[in-house]
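Observations on the model geometry
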Amino acid sequence: MKVLGITGGIGSGKSEVLRMLGEKDGVVILEADRLAHELMTPGHTAYRRIVENFGREILAEDGSIDRGKMGQLVFRDPERLEQLNRIVHPAVKKSIRGRIRRNAKKGTAVYVIEAALLIQDGYRTICDEIWYVHTDPEVRIRRLLSSRGGNREKWEAVLANQPKDSFFVEHSDRVLENSRTVSELQKDLDLQYIRLLNS
């Protein structure tokens, strides 16, 4: 079984890449953000540790973590954000390692992990290959305006705060170009996928 990491900046089209990969036989896809949200629900160790560290004032009436309250608490305080990340990120990685082992036993062909911070969070040690979804900034902004609204200035500021293309390219094995048409992306992905299976 191959373990494939997919990363890229906001608006790059990672979701489209995952959709294409998901149509292939024997592919299992995991989105790290969704797993993180799952591990922050009652019954999980990460949930218990978050409540222990941040207090019950971050909880909604039903006992779940109120993401709005949590966000207000950590995003204006870098130390608190780091504290949260020290709880969540290792829990996510541990869960992913377990899922990889189980899928390898089941005969999965390719296990795909998508995460915006795949490189920064040290997934190189887990993945056989990392693919970077590259999209021109102007295309990304147009997509974000169309899908999420807001204004150009907002998305330009968001993009400016993300790592540069050169960082992703340096730390990735392959680059998928997603500035053109969907059919061109599909051709590129199919070619890279065959190379992955044969590597």
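First things first, this report covers the structure right here in the doc. As the structure is a computational prediction, the values presented were derived from the model and not from experiment.

Side note on the overall build of the protein chain
When its secondary structure is counted, the protein chain shows nine helices and five strands. Scanning the protein chain from its N terminus toward the C terminus, one meets helices and strands in the order β-α-β-α-α-α-α-β-β-α-α-α-β-α. Taking 199 residues into account, the globule formula puts the C-alpha radius of gyration at 16 Å, and the protein chain, at 18 Å, falls close to it. Projecting the C-alpha coordinates of the protein chain onto the three principal axes gives extents of approximately 50 × 50 × 30 Å. Taking all 199 residues of the protein chain together, the buried fraction comes to 43%. A separation of at least 24 residues holds for 70% of the contacts in the protein chain among residues at least 6 apart in sequence. Looking at the protein chain as shown, the accessible area adds up to about 11100 Å², and 49% of this sits on carbon and sulfur atoms. Considering the protein chain, the positive charge centre built from 33 side chains and the negative charge centre built from 29 side chains are found 4 Å apart.

Section: helix 6 (residues 137-148)
Taking 1.5 Å per residue as the helical rise, helix 6 with its 12 residues ought to reach 16 Å, and the 16 Å between its terminal C-alpha atoms agrees with that figure. Within helix 6 the residues assigned to the buried category are Val-139, Arg-140, Ile-141 and Leu-144. For helix 6, the elements touching its buried residues are helix 7 (152-160). Backbone geometry just after helix 6 places Gly-149 at a positive phi near 75°.

Topic: the side chain of Thr-7
With respect to the element layout, Thr-7 can be found in strand 1 (residues 2-7). At a separation of 2.9 Å, a polar atom in the side chain of Thr-7 contacts the main-chain carbonyl oxygen of Ala-115. When neighbours within four sequence positions are excluded, Thr-7 is seen to be in contact with Lys-14, Ala-115, Ala-116, Leu-118, Ile-119, Ile-130, Trp-131, Tyr-132, Val-133 and Phe-168.

What about the side chain of Asn-178?
Relative to the elements of secondary structure, Asn-178 occurs in the loop between strand 5 (174-177) and helix 9 (182-198). If sequence neighbours within four positions are ignored, Asn-178 has contacts with Ser-12, Gly-13, Val-133, His-134, Thr-135, Arg-143 and Leu-185.

Section: the sheet that holds strand 2 (residues 27-31)
Read across the open sheet, the five strands follow the order 2-3-1-4-5; overall the sheet is parallel. Each having just a single partner strand, strand 2 and strand 5 make up the two edges of the open sheet. Between one strand and the next, the sheet's axes are offset by a mean angle of 25°, whatever the strand orientation. Lying over the sheet, helix 1 (residues 14-22) contacts strand 1, strand 2, strand 3 (110-114), strand 4 (129-134) and strand 5, oriented at roughly 155° with respect to strand 1.

Notes on the packing of aromatic side chains
Overall, the coordinates contain two aromatic pairs when judged by the stated rule. Note on Tyr-132 and Phe-168: the rings are 4.6 Å apart at their centroids and 10° apart in plane angle, and the pair reads as stacked. In this pair, Tyr-132 sits in strand 4 while Phe-168 sits in helix 8 (residues 165-170), placing the two residues 36 residues apart along the sequence. Judged on exposure class, the residue Tyr-132 and its partner Phe-168 are both buried. Here Phe-167 and Phe-168 contribute two aromatic rings whose centre-to-centre distance is 5.7 Å and whose plane-to-plane angle is 75°, an arrangement assigned as edge-to-face. These aromatic residues form a ring-pair network of at least three members: Tyr-132, Phe-167 and Phe-168. The side chain of Lys-24 reaches across the aromatic face of Tyr-193, ending 5.1 Å from its centre. The ring of Tyr-123 has Lys-93 lying over it, and the distance from NZ or CZ to the ring centre is 5.0 Å.

Scoring rules and cut-offs
- Residues numbered from 1 in each chain as written.
- Predicted model: local features only at pLDDT ≥ 70, side-chain atom pairs only at ≥ 80, totals over all residues.
- Heavy atoms only, no water.
- Helix = DSSP H or I, 4+ residues; strand = E, 2+ residues; numbered from the N terminus.
- Rg over C-alpha atoms; globule rule 2.2 N^0.38 Å.
- Buried < 20%, exposed > 50% of the residue type's maximum accessible area, 1.4 Å probe, protein only.
- Contact = heavy atoms within 4.5 Å.
- Areas by Shrake-Rupley, 256 points an atom, 1.4 Å probe, with all protein chains shown as cover.
- Lys, Arg positive; Asp, Glu negative; His and termini not counted.
- Charge placed at Lys NZ, Arg CZ, Asp CG, Glu CD.
- Expected span 1.5 Å × (residues − 1).
- Polar contact = N/O pair within 3.5 Å; in protein donor to acceptor, adjacent residues only side chain to side chain.
- Pairing = 2+ DSSP bridges.
- Axes fitted to C-alpha atoms, helices over the stretch in contact; angles between N-to-C directions.
- Phe/Tyr/Trp six-rings, centres within 6.5 Å; stacked < 30°, edge-to-face > 60°.
- Lys NZ or Arg CZ within 6 Å of the ring centre and 35° of its normal.

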